[in-house]
Amino acid sequence: MAKCKTDCIERPLSLAFEKLGWVIGRHPCLFVLLSLYVAAALGAGFIFLQEREANDIEDQFTPVNGPAKLEREIVVENFPQSEEFTELRLASEGTYASLIITDLHGGNILNEAAFSDIIDLDRQVKSISTGNTFEKLCAKTNERCKSNAILDIINYSATEIVSSTITYPMNNAIFLGTTIGGVELDSSKLTSAKAVRLFYFLDEKNTKENTYWLDGFLKLLSNYTQQKMSSKVHVSYFTSISRQNEFETNSDSVIPLFSITYILAINISVLSCLRLDCVRTKIWVAMFGVVSAGMAVLASFGLLLFCGMPFAMTVASAPFLILGIGVDDMFIMISCWQKTEVNKAVEIRLAETYKEAGVSITITTLTDVLAFYIGLMTPFRSVQSFCVYTSTALLFCYIFNITFFGACLALNGRREKGNRHWLTCMKVPEATGDDGGCCVGGAYNKNTLKEYEMPVNSFFKNYYGPFLTRVWVKTLVCLIYAGYLAVSIYGCFQMQEGLDLKHLAADGSYVGTYYDKEDEFFSAFGPNVMLVIKDKEFQYWNPTARNSLDLCLESFQNLPVADSGISPVSWLSEYMQYGKNASLSLNSETQFKSHLTAFLNQSGFSQDVNFTNNQIHASRMFIQTVDIRTAIDEKNMLAVFRETAENCGKLQTPVDLIVYHPAFIYFDQYAVIISNTIQNLVVATCAMLVISLLLIPNPLCSLWVTFAIASVIVGVAGFMALWDVSLDSVSMINLVICIGFSVDFSAHISYAFVSSEKSSANEKATDAINKLGYPIIQGAVSTIAGVVVLAAAKSYIFRTFFKIMFLVILFGAVHGIVFIPVFLTFLSTCSNSRVENKQNQLDCNNTNKQRAKAVTGQPMQQDGCCADPDCY
């Protein structure tokens, strides 16, 4: 039954490729010119590249329709931005510049000399003029620019920093947790600190003018160290546009690397196909194979840019991958060409090549493209964009390999047919053996009428295969695999989640320095989380409802991540105290609402209550969090706050509320990253299992392929964690990609094993390794060569791509030529069910030879004989 299924799929495809190969071999110039025209025409789409660039960090690296984005809409709808600025009540990060100032030698910053420099620096910042001054652009409260609390406390006099008594974290009802860091306390009195942070907020309405001023700020601070050699302090700086600006320049850093990759790929391809025979060498073919991959990138990207597809920065790593995969398919076609008889017509040799190689590269392309398209299920736009561009490029790579590269192979075949030199195209005398040189060439095996085997193929056949199937070697392989699995599983438990925002900037960027200082000195306090009561019907005047709300606030205050020493910022508590002091009865709706407006205007809480048309549509309060130092802390804090909010809705008098902070937009990735990764991996693995069952004539061996996929995934996930790579939107899609590459190696080796006519399991494994060992090495080396230059990139995103692809290819190749062949020898039921006996196969081959002699211009047909779709 398995044989029938496989034959029904393989045979029609093989025959179709055979006919196509004959047509291309007959008219190669037509297909070369047509391919070049298509690539050039579609490549014109690059004129839209700048217009299609999608580099907004929030849009690309946070979940589409994440809960925090919906919560932000509720906040913005109910609490529009007021003319009176307060940082606490911002629905976004705001528009600002910031400084973190530390002592030059890491000592106490609370000294007169340091604060003299700080005050001088503050004056310089406020003196920046870019057509508009800070005074004109700043965010204002009571018609005055928002100031820095620590400078207000000392009245901008450096001498007062020593004499002033400052309590921490609250000083006269002002929170200093985000202003002073690395503190030492005597009770609550501040005795020393390592860092001071200053903020300069701008009015968000002045978008264009703000950008100019922030650019001026960056220019001032970038030169500050050189200007102030006598300074006693070290300054780290940041602006609200810094992260985006640095991110957008990241892709520029990899453009020079692409040319290096192209040269590297050409050299590896040429070396892999190089022969001493000046006729049989495949130098030009190898070079045009690399050109074919480049044309695929040009045409596919151009087409998608024409169609308006957003171009995320993650897509910039795709050409490196496409180059490696395209060269891999080239090796398969060259290998199959070399197994054809040299005295046949070029179109017949190409027909035979396509018959053997066509199904193989189709399987490879199908699995890789399917893995990428499954990645579209992710909620991250950066991943979706990468998947669309890469999968489309793979399809074009497949098309150009069949048309353009196949035509180049045919033209090279014509040169070989005429026994012409590879460089001069002049006829040379025919070599008499496998010892061609610069003046003679065209040697071939007179017995098989085929080209001589590459020396490396003899290594796998005569040395590596027999060595691997020895009992003690197989035992050692099993022990090595057990160690690999143990380390991988350990690594999986060490995995960190989420994309650290500082990784979006290039190495050595001032952004990274600022984030490092922030993590070091200002992690004691986390976000001041907004609790929004969105229930229009909530009866704030009802004592029972207020008790429920108090219980809710208490549950938040008692959370381990909340600071129980800092009371919630609650308008309702202040209002009830206001009523008590004024002897007002606020337990009735009429009294409660009649005095509310006056209280809000006097107290400064007017931005916390949406009180219109005599109805409270929504209100908000704030809870201070503490000890949010790592990505795990951020994840746990978000989860426990949302869980507590959900529990508040289950009280006897339900309190319908949401929790929000601008940082939650980025924290949302933690809520979906693991579940989405598992979902994609499961779907992709099931899809690959179906493909394996269709194409491998033994269900049990198909399960071995699935086992190999799972093994590679575990290995990549575990070792990437040990290699300091977190599970984020960048690495997530690479895990899905590894499924496609795992199939490339494991499915082919399993297919070759079960299709082998050898009698014993060890012989089958040796035969499979003989067929596939060198192509697997070639494919692995070419793919790694395509991405290896990314290891030198200054961007975390591109280095992550290299690290994971390196692990994927390394583990996939090791499974293909070490683990899977050994494991298959333990499974005696994986035997060849595709042929009845050797005599039938011999009869089939004899029949084919007779038909080949009768061919006069049409591709040969092999009715009744099923071809092996994998030719290496």
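Whatever comes next refers back to the structure up there.
Here we summarise the structure given alongside this text. (Residues numbered from 1 in each chain as written. Predicted model: local features only at pLDDT ≥ 70, side-chain atom pairs only at ≥ 80, totals over all residues. Heavy atoms only, no water.)

Here we come to the pattern of salt bridges. Counted under the stated rule, the structure contains 26 salt bridges. Across the salt bridge formed by R89 and D608, the nearest N and O atoms sit 2.6 Å from each other. Within this pair, whereas R89 is found in the loop between α5 (67-78) and β1 (95-103), its partner D608 is found in the loop between α23 (589-603) and β13 (609-612), the two being separated by 519 residues in sequence. By relative accessible area, which is 12% here, R89 ends up buried. Residue classification places D608 among the buried positions, given a relative accessible area of 0%. It is possible to trace a salt-bridge network through shared partners that takes in R275, R280, K282, R349, E416 and E451. (Salt bridge = Lys/Arg side-chain N within 4 Å of Asp/Glu carboxyl O. Helix = DSSP H or I, 4+ residues; strand = E, 2+ residues; numbered from the N terminus. Buried < 20%, exposed > 50% of the residue type's maximum accessible area, 1.4 Å probe, protein only.)

On the surface, F467, W472, L476, L479 and I480 cluster together to form a nonpolar patch covering roughly 520 Å² of accessible area. Here the nonpolar patch gets four residues from one element, more than from any other, and that element is helix α19 (residues 471-493). Mapped onto the fold, L479 is located in helix α19. (Patch = residues over 30% accessible without salt bridge, like charges linked within 9 Å, V, L, I, M, F, W, Y side chains within 5 Å. Areas by Shrake-Rupley, 256 points an atom, 1.4 Å probe, with all protein chains shown as cover.)

Enumeration according to the criterion identifies 56 aromatic pairs in this entry. With a centroid separation of 4.9 Å and 40° between ring planes, the pair formed by F85 and F201 is classed as tilted. Note that F85 is positioned in the loop between α5 and β1 and F201 in strand β9 (residues 195-202), a separation of 116 residues in sequence. We classify F85 as buried; its relative accessible area is 7%. Using a relative accessible area of 3% as the deciding quantity, one classes F201 as buried. Ring geometry for Y481 versus F707: centroids 6.0 Å apart, planes at 50°, classification tilted. Remark: F707 occurs in helix α26 (residues 699-722) and Y481 occurs in helix α19; sequence separation between them is 226 residues. Owing to a relative accessible area of 8%, Y481 belongs among the buried residues under this scheme. Residue F707 is classed as partly exposed on the basis of its relative accessible area of 30%. Sitting over the face of the ring of F522, R197 holds its NZ or CZ atom 4.3 Å from the ring centroid. (Phe/Tyr/Trp six-rings, centres within 6.5 Å; stacked < 30°, edge-to-face > 60°. Lys NZ or Arg CZ within 6 Å of the ring centre and 35° of its normal.)

What follows covers a negative patch on the surface. On the surface, a cluster of negative charge is made up of E53, D56, E248 and D252. Mapped onto the elements, D252 comes out in the loop between α12 (242-250) and α13 (255-273). Classification of D252 as partly exposed rests on a relative accessible area of 47%. (Lys, Arg positive; Asp, Glu negative; His and termini not counted. Charge placed at Lys NZ, Arg CZ, Asp CG, Glu CD.)

This paragraph deals with the nonpolar core. In this structure, L99, W213, F556 and W571 are the most contacted members of the largest nonpolar core, which totals 266 residues. Per-element tally for this core: the top contributor is helix α29 (residues 796-825), with 19 residues. Not counting chain neighbours up to four residues away, the residues in contact with L99 comprise L121, V125, V196, R197, L198, Y200, F217, L221, V235, S236, Y237 and Y514. (Core = buried A, V, L, I, M, F, W, Y, C linked by side-chain atoms within 4.5 Å. Contact = heavy atoms within 4.5 Å.)

Throughout the structure, instances matching the rule amount to two disulfides. Here C138 is linked by a disulfide to C145, with a sulfur-sulfur distance of 1.8 Å. Between C138 and C145 the sulfur-sulfur dihedral comes to about -70°; the bridge is accordingly left-handed. On the basis of relative accessible area, C138 is assigned to the buried category, the value being 4%. Between the sulfur atoms of C552 and its disulfide mate C648 the distance is 2.0 Å. Its S-S torsion of about 95° marks the bond between C552 and C648 as right-handed, since a negative value means left-handed. Note that C552 is positioned in helix α21 (residues 543-557) and C648 in helix α24 (residues 631-648), a separation of 96 residues in sequence. Taking the relative accessible area as the measure of exposure, C648 reaches 2% and is therefore buried. This cysteine, C425, is not joined by any disulfide, and C278 carries the nearest cysteine sulfur, 11 Å off. (Disulfide = S-S within 2.5 Å.)

Quick look at the pairing of strand β8 (residues 189-192) now. Pairing between strand β7 (residues 184-186) and β8: three bridges, direction antiparallel. Paired with E184 across the two strands is S192, which belongs to β8. As consecutive antiparallel partners, β7 and β8 are separated by two residues, and within that stretch S187 has a phi angle of approximately 65°, a positive value. (Pairing = 2+ DSSP bridges.)

Structurally, the position occupied by V716 is in helix α26. Placed 89 residues apart in sequence, V716 and M805 show a C-alpha to C-alpha distance of 9.0 Å. The contacts of V716, once residues within four sequence positions are left out, are L735, I804, L807, V808 and F811.

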